[in-house]
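Examination of the molecular architecture
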Amino acid sequence: MKPSDFAIGSLESRALARMQAQHIRGSKRRIEIISNVPRPQHTLPPGTNHSVPYAEPWQETQGGVLLRHIYRPGEWKTLPTETVPVCPDCGTSFRQRKEQIGDLAWFEADCMDRHI
Ligand SMILES: [Zn+2]
């Protein structure tokens, strides 16, 4: 069965075309680039800022790979720290990474699944 088996614009042809598009999109290789460096302000979704995790929309590269940038905020803290940063949007405490530089530790947003 293919969309052209049905009348143009019919429910059946549109449903088949939609299913084909979803299959093609779903079978493409995907790359997510997760960074703690904010992207330029103009790429931010409306109503957000650089203190909350966000994902830019998927974009198809010339090679047919789907690519998107994800921003994960974080900050350096001197240990021991009494103030663990929290996400200003959902209130989740940042998570301390295991790697340290001297007495400096990186704390990163731990609420990616809530915002992305
Ligand atoms: Zn959050």
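All figures in this text were calculated on a predicted structure; none of them were measured in a lab.

Summarising the element assignment, Phe6 is placed in the segment before α1 (11-26). Counting along the chain gives 95 residues from Phe6 to Ile101, while the straight-line C-alpha distance between them is 64 Å. Not counting chain neighbours up to four residues away, the residues in contact with Phe6 comprise Glu12 and Ser13.

To continue, consider the confidence of the model for the protein chain. Detail in the predicted coordinates should be disregarded across regions flagged by low pLDDT. Averaged over all residues, the pLDDT of the protein chain is 88; the fraction at 70 or higher stands at 93%. For the protein chain, the element scoring lowest by mean pLDDT is α1, at 83; strand β7 (residues 104-108) scores highest, at 96.

Quick look at the pairing of strand β4 (residues 66-71) now. Where strand β1 (residues 30-35) lies against β4, six bridges are found, and the strand directions are parallel. Within the sheet, the bridge partner assigned to Ile33 lies in β4 and is His69. The pairing of strand β3 (residues 59-60) with β4 spans two bridges and is classified as antiparallel. Its bridge partner lying in β4, Glu60 is registered against Leu66. Hairpin connection between β3 and β4: a loop of five residues separates the two successive antiparallel strands, and Gly64 in this loop has a positive phi of roughly 85°.

Quick notes on the rules
Residues numbered from 1 in each chain as written. Predicted model: local features only at pLDDT ≥ 70, side-chain atom pairs only at ≥ 80, totals over all residues. Helix = DSSP H or I, 4+ residues; strand = E, 2+ residues; numbered from the N terminus. Contact = placed C-beta atoms within 7 Å. pLDDT = per-residue confidence, 0-100. Pairing = 2+ DSSP bridges.

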